[in-house]
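Residues per chain, in single letters:
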Amino acid sequence: MAYGPKIIDHYENPRNVGNFGTQSDVKARKDIGVGLVGAPECGDVMQLQIKVNQDTGLIEDAKFKCFGCGSAIASSSLATEWLKGKTLDEGLAIKNTQIVQELSLPPVKIHCSVLAEDAIRSAIADYRKKNGLPVDEPSSASVH
Amino acid sequence: MSLKLPIYLDHAATTPCDPRVVEAMLPFFTETFGNPGSRNHRFGWEAEAGVDAAREQVAQLIGADEKEIVFTSGSTESNNLAIKGAAYLYEKNPAGSGKPRGHIITAIHEHKAVLDPCKRLQKEGFDVTFLEPGRDGIITAEMVEAAMRDDTILVTVMWANNEIGTINEVPRIGALCHRREVIFHTDATQWVGKMPTDVEKDQVDLLSLSGHKMYGPKGVGALYVRRRRPRVRLQALVDGGGQERGFRPGTLNVTGIVGLGKAAQIARAEMDADADRLFRLRKKLEDTITGQLDSTQVNGHRERRLPHITNISFGFVEGESLMMAIKEIACSSGSACTSASLEPSYVLKSLGVGDDLAHSSLRLSLGRWTTEEQIDYTADAIVKSVRKLRLLSPLYDMHKEGIDLSKVQWAQH
């Protein structure tokens, strides 16, 4: 598939790759929200972790890892860039269509942007749940 | 000499034309341009002589008589003519009789050019059994025998698989079919020109082959149709001027046929040396990659396979992103993201390769001009890229933390 320059750039120089510790580390930390969406069988798994400053309520840092195609990697890389410095509500306002537009994703890759939006919502929901805040949100993978 | 990029390792998709093939074809565009059907002037006779020579070259490559070669547009057409043509002619009960028209045996990991004609026949009232290979990808004579019924009229099993390169038990399946008086067709697109073929010894009745998989031109192929013991008859699928003994009417593609003939002649002379060399290079590629990376597997039987095709799954890395990382290497992937259907490879799934590993696979196929230097570069690029992508992969982290990925409840879409 011939990709646009922005996808290639995020794929070749992904921003904010990593995590804030192992699965069990981050589970125990109240300032971290984790979203793990997709499934290996579907060819896409995104893990998005947000670190929230509990005084200001701002997303201080965000990190991702992604098993998926170039568009999936670019979508999750972009999501981490956009999340930094935002409030949780501002984070929830990020829509997949904005990601599609920014990266010029081809039609067959729109599901990658949907997955990135799911990852954002799921990470924010996880943070809220840990901190006893109201959650209206979605399903994420669970590690047993 | 410095390495020229990109490197072509997709010879199972198509091969470049051998320059000797192009040279043989050229006069037939401009000088010897006649229609071989023109029986009463020199232009027609010369074109016919070119076609006759090519027919003999193709026949010699597979141990057939030249009267048994029907030129077509390629393997897809050859497969359609063989499967549908035989089914319509050997049917046990006519359409509309309400009874099954006849039973056909094939396998689920055949090429679509075999599966789709079989599925059409199924809709038209034939019964079709789709055999499932074992984990090694191989269809055995025993599997075919177990599926045979009194009303079985046709067995169609490919000689070597296009995605994984595994070799089915063609001579044994052929012998079985002859014993049971069932017509045996094999799609030998990936086999012919690479491996020795003898339709007599191998007991094949119908065989499809293609020019562009063996360093010939695209748009030309052939169907071998056995003439004696048994004499195989087919119902033509196209009506017209009676060319190719009525099996395939239409003015002959003289340039393509001449090219196919030349490609067959070269293959016959050089296949043994090519096979030895490519086997060594493929082995080196596989050994280097699997030696340096954990959680990596070669798909399909390790020995019973073509010398030049390998299919490798890289755990925790997705195929399309891997292909982006090795963009200087042209190859194929079983990943859904590289196909129009968004489904991972049905061939790998048929071997019991999980969807996750099917998404993570590369098919690398070597050819006549593949060099050791190219293989070294490729192995190195793949190892580096897989390592880099695993740093990005949440699944590889989880794997290293000892989490069993099959026990995770994934949020499905």
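Thresholds, definitions, all that
Residues numbered from 1 in each chain as written. Chains lettered and ligands numbered in written order. Predicted model: local features only at pLDDT ≥ 70, side-chain atom pairs only at ≥ 80, totals over all residues. Heavy atoms only, no water. Helix = DSSP H or I, 4+ residues; strand = E, 2+ residues; numbered from the N terminus. Rg over C-alpha atoms; globule rule 2.2 N^0.38 Å. Buried < 20%, exposed > 50% of the residue type's maximum accessible area, 1.4 Å probe, protein only. Contact = heavy atoms within 4.5 Å. Lys, Arg positive; Asp, Glu negative; His and termini not counted. Charge placed at Lys NZ, Arg CZ, Asp CG, Glu CD. Buried area = accessible area lost by both parts, 1.4 Å probe. Salt bridge = Lys/Arg side-chain N within 4 Å of Asp/Glu carboxyl O. Polar contact = N/O pair within 3.5 Å; in protein donor to acceptor, adjacent residues only side chain to side chain. Domains from an automatic or database assignment. Axes fitted to C-alpha atoms, helices over the stretch in contact; angles between N-to-C directions. Parallel < 35°, antiparallel > 145°, perpendicular 65-115°, else oblique. Nonpolar A, V, L, I, M, F, W, Y, C, P; charged D, E, K, R; others polar. Pairing = 2+ DSSP bridges. Right-handed = clockwise from strand over helix to strand, strands pointing away.

## Here's the deal with the overall build of chain B
Right, on to step 1. Along chain B, the regular secondary structure elements total 13 helices and 13 strands.
Right, on to step 2. Relative to its length of 413 residues, chain B is compact, with a C-alpha radius of gyration of 23 Å against a globular reference of 22 Å.
Right, on to step 3. The proportion of buried residues among the 413 residues of chain B is 57%.
Right, on to step 4. Sequence-distant contacts, at least 24 apart, represent 72% of the contacts inside chain B between residues at least 6 apart.
Right, on to step 5. In chain B, 51 positive and 54 negative side-chain charges are present, and the distance between their average locations comes to 2 Å.

## Description of the interface of chain A and chain B
Right, on to step 1. Listed by partner, the interface residues are 36 residues for chain A and 31 residues for chain B.
Right, on to step 2. Between chain A and chain B, roughly 2,900 Å² of surface is buried when both sides are summed, and carbon and sulfur atoms account for 64% of that area.
Right, on to step 3. Contact with chain B buries surface across chain A, with A:Y11, A:E41 and A:F67 losing the most and accounting together for 23% of the total.
Right, on to step 4. Where B:D397 meets A:K65, a salt bridge forms, and the shortest distance between an N and an O atom there is 2.9 Å.
Right, on to step 5. Our count for the contact surface shared by chain A and chain B stands at 15 residue pairs in polar contact (both at pLDDT 80 or more).
Right, on to step 6. Residue assignment for the side of chain A that touches chain B shows that the elements contributing at least two residues are α1 (5-12), β1 (32-39), β2 (44-52), β3 (59-67), α3 (70-83) and α6 (110-130) of chain A.
Right, on to step 7. It is β3(A) that provides the largest number of residues to the side of chain A that touches chain B, a total of four residues.

## Side note on the domain arrangement of chain B
Residue and element names in this part refer to chain B.
Right, on to step 1. Each assigned domain of chain B is listed here: domain 1 (7-12 + 271-395) and domain 2 (19-267).
Right, on to step 2. Centre-to-centre, using C-alpha coordinates, domain 1 lies 29 Å away from domain 2.
Right, on to step 3. Listed by partner, the interface residues are 25 residues for domain 1 and 34 residues for domain 2.
Right, on to step 4. Buried surface at the junction of domain 1 and domain 2, both sides included, amounts to about 2,600 Å², of which 56% is carbon and sulfur.

## Details of the environment of A:D55
All names here are of chain A.
Right, on to step 1. Along the polypeptide, D55 turns up in the loop between β2 and β3.
Right, on to step 2. Using a relative accessible area of 77% as the deciding quantity, one classes D55 as exposed.
Right, on to step 3. In the structure, D55 is positioned 46 residues away from D9 in sequence and 34 Å away in space, judged by C-alpha atoms.

## Quick look at the packing of α1(A) against α3(A)
Residue and element names in this part refer to chain A.
Right, on to step 1. For the pair α1 and α3, the least separation of the axes is 8 Å and the interaxial angle reads 80 degrees. As summarised for this structure, α1 and α3 are arranged roughly perpendicular, according to the angle between their axes. Taking contact as the criterion, the partners of I7, H10 and Y11 in α1 are, on α3, G70, S71, I73, A74, S77, L78 and E81.
Right, on to step 2. Tallied by class, residues from the contact of α1 with α3 come to five nonpolar, four polar and one charged.

## Points about the pairing of strand β4 (residues 127-131) of chain B
Residue and element names in this part refer to chain B.
Right, on to step 1. Pairing of strand β3 (residues 103-107) with β4 involves five bridges; the strand directions are parallel. Residue pairing across strands places I104 opposite V128, the latter belonging to β4.
Right, on to step 2. Crossover handedness for the path β3 to helix α5 (residues 112-123) to β4: right-handed.

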